[in-house]
Amino acid sequence: MLRELNLYPVWVRRDPAPSDQPVAESAVNAAPVDAVEAVEAVEAVEAVEAVEAVEAVEAVEPSFVSDAVTVSQYAAEIIEAQVPVADLFASDFQSATLGDAADNSLREFQLKNSGGLLGATDWPELQQKVQECADCKLRAECTQPVFGTGDLHARWLFVGEAPGAEEDERCEPFVGASGRLLDNMLLAIGLQRSEVYLANVIKCRPTDDRHPHVGEIAACLPYLKRQIGLLQPAVIVALGKTAASALLETDATIASLRGSVHDYKGIPLVVTYHPAYLLRSPLEKARAWQDLCLAVQTMEGCSG
Ligand code: URA
């Protein structure tokens, strides 16, 4: 039983998928043993620790919506307020840290959030815009923006929260400890990192690795949305609450969002725990495995 669950190995490295078999299909075919183990693991967890597990999720998972507004509500408020972005620093929005972009007009912010400013950008142009972005103060504090990485034609998109120290240094998402776990999660469903696309909601590392503020999310989310528009993945996996909340525009808990297939602009979206959370709460890996199985099933159901 899955070792990383402390019950015995959970993320089992597999041989590469046979070349005549689609990756997702081979993953499903390979799944039963682990699926049975995972179910047993879940039952074991549930029997002993279900209540604590759920409480742990609620306690540890961040709520970026500290003042109970969603990103879209927040953005709508800013747009309705009809004030230049720079003025937000002198207003009630101050804590939302929309940035030092004093020359950023409201119109520009509005266009960016409605997709108008980025709607025609291709991959290189989008990456350039992220590189040059100064819409929030994170850019001034990080080494470099971490745009995203992987196959630009990938059918899988995995979305995390924000770069950490190693990602900031190496300019690649998920290369630190949680990235190594993510690699194993991918391998468990028959995927290599190079076969998927990895991106974060936030492109610049928040100092001290704090969770991003809602205003930072509102400022950065349009880049991720354009990435999704360009990539057109078959399935999105939201890793953790920041990704799930930002894309689904909800403040619901991960616990309540798991287990069903959501919709992001017509693309199926599955929610699971962030690998960093799984490192802190290894017993939850059984549930994360269930989520990955759901994601594989969802991919299987996608045509093309
Ligand atoms: N956590 C994330 O959400 N993204 C990364 O790229 C690294 C850690």
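Caption draft 1: Inspection of the overall build of the chain at higher detail. Each helix and strand counted, the chain has 12 helices and 6 strands in total. Here the chain holds 304 residues, and the buried ones make up 46% of them. If you take every contact in the chain between residues at least 6 apart in sequence, the share linking residues at least 24 apart comes to 74%.

Caption draft 2: Molecular detail of the site of the ligand. Around the ligand there are 13 residues in total, and Gly160, Glu161, Glu167, Pro173 and Phe174 lie nearest to it. A breakdown of the residues in the shell around the ligand according to their chemical character gives 5 nonpolar, 6 polar and 2 charged.

Caption draft 3: Structural detail: the sheet that holds strand S4 (residues 235-239). An order of S1-S3-S2-S4-S6-S5 is seen for the 6 strands of this open sheet, with the pairing classed as mixed. Single-partner strands in this sheet number two, and they are strand S1 (149-150) and strand S5 (262-264). When S4 meets strand S6 (residues 267-272), the two strands line up parallel, connected through 4 bridges. Bridge assignment links Leu239 to a residue of S6, and that residue is Thr272.

Caption draft 4: Main features of the pairing of S4. S4 sits mainly inside the fold: 5 of its 5 residues count as buried. The two faces of S4 match: Val235, Val237 and Leu239 on one face and Ile236 and Ala238 on the other face are all buried. Alignment of strand S2 (residues 156-160) against S4, held across 4 bridges, turns out to be parallel. Bridging from a neighbouring strand, Trp156 pairs with Val235 of S4.

Caption draft 5: Expanded view of the nonpolar core. Ranked by size, the top nonpolar core spans 67 residues in total, and within it Leu157, Phe158, Val159, Val201, Ala238 and Leu292 carry the most contacts. For this core, the element with the highest residue contribution is helix H8 (residues 214-231), accounting for 10 residues. If near-sequence neighbours (up to four positions away) are discounted, Val201 is found in contact with Val159, Glu161, Ala162, Ile217, Cys220, Leu221, Leu224, Thr242, Ala243 and Ala246.

Caption draft 6: Local environment of helix H9 (residues 241-248). Within H9, 7 of the 8 residues are buried, which leaves the element mostly enclosed by the surrounding structure. Looking only at H9, the buried set comprises Lys241, Thr242, Ala243, Ala244, Ser245, Ala246 and Leu247. Positive phi shows up at Glu249, right after H9, with a value of about 55 degrees.

Caption draft 7: Structural view of the packing of helix H4 (residues 123-132) against H8. Contact geometry for H4 and H8: axes closest at 11 Å, N-to-C directions at 170 degrees. Classified by the interaxial angle, the pair formed by H4 and H8 is roughly antiparallel. Contacts from Trp123, Leu126 and Val130 in H4 reach Tyr223, Arg226, Gln227 and Leu230 in H8. Residues of the contact of H4 with H8, tallied by class, amount to 5 nonpolar, 1 polar and 1 charged.

Caption draft 8: Expanded view of unusual backbone geometry. At Cys171, a residue that is not glycine, the phi angle is positive and equals roughly 60 degrees. As for its position among the elements, Cys171 is in the loop between helix H6 (165-170) and helix H7 (177-188). The exposure class assigned to Cys171 is partly exposed, which follows from the 14 C-beta atoms found within 10 Å.

Caption draft 9: Summary view of helix H12 (residues 285-300). Counted at 1.5 Å a residue, the expected span for H12 with its 16 residues is 22 Å, and the 22 Å between its end C-alpha atoms agrees. Where burial is concerned, most of H12 is hidden: 12 out of the 16 residues are buried. When we look at burial in H12, the residues that qualify are Lys285, Ala286, Arg287, Ala288, Trp289, Asp291, Leu292, Cys293, Leu294, Ala295, Val296 and Met299.

Caption draft 10: Representation of the environment of Leu182 in the model. Looking at the secondary structure, you find Leu182 in helix H7. In the structure, Leu182 is positioned 57 residues away from Leu239 in sequence and 9.6 Å away in space, judged by C-alpha atoms. Contact partners of Leu182, with chain neighbours within four places excluded, come to Phe158, Phe174 and Pro275.

Caption draft 11: The arrangement of the pairing of S6 in detail. Here S5 pairs with S6 via 3 bridges, running antiparallel. Residue pairing for S6: Tyr264 is matched across the bridge by Ile267. Turn length for the S5-S6 hairpin, with the two strands adjacent in sequence and antiparallel, is 2 residues, and the turn residue Lys265 shows positive phi of about 45 degrees.

Caption draft 12: A look at the confidence of the model for the chain. With 62% of its residues at a pLDDT of 70 or more, the chain shows a mean pLDDT of 76. Across residues 12-36, where pLDDT falls below 50, the model places 29 contacts with residues more than four positions away in sequence or in other chains. Within the model, pLDDT remains below 50 along residues 38-69, and this stretch shows 51 contacts once partners closer than five positions in the same chain are excluded.

What counts, and where the lines are drawn
- Residues numbered from 1 in each chain as written.
- Predicted model: local features only at pLDDT ≥ 70, side-chain atom pairs only at ≥ 80, totals over all residues.
- Helix = DSSP H or I, 4+ residues; strand = E, 2+ residues; numbered from the N terminus.
- Buried ≥ 20, exposed ≤ 12 C-beta atoms within 10 Å, placed from the backbone.
- Contact = placed C-beta atoms within 7 Å.
- Near = placed C-beta within 6 Å.
- Nonpolar A, V, L, I, M, F, W, Y, C, P; charged D, E, K, R; others polar.
- Pairing = 2+ DSSP bridges.
- Core = buried A, V, L, I, M, F, W, Y, C linked by C-beta atoms within 7 Å.
- Axes fitted to C-alpha atoms, helices over the stretch in contact; angles between N-to-C directions.
- Parallel < 35°, antiparallel > 145°, perpendicular 65-115°, else oblique.
- Expected span 1.5 Å × (residues − 1).
- pLDDT = per-residue confidence, 0-100.

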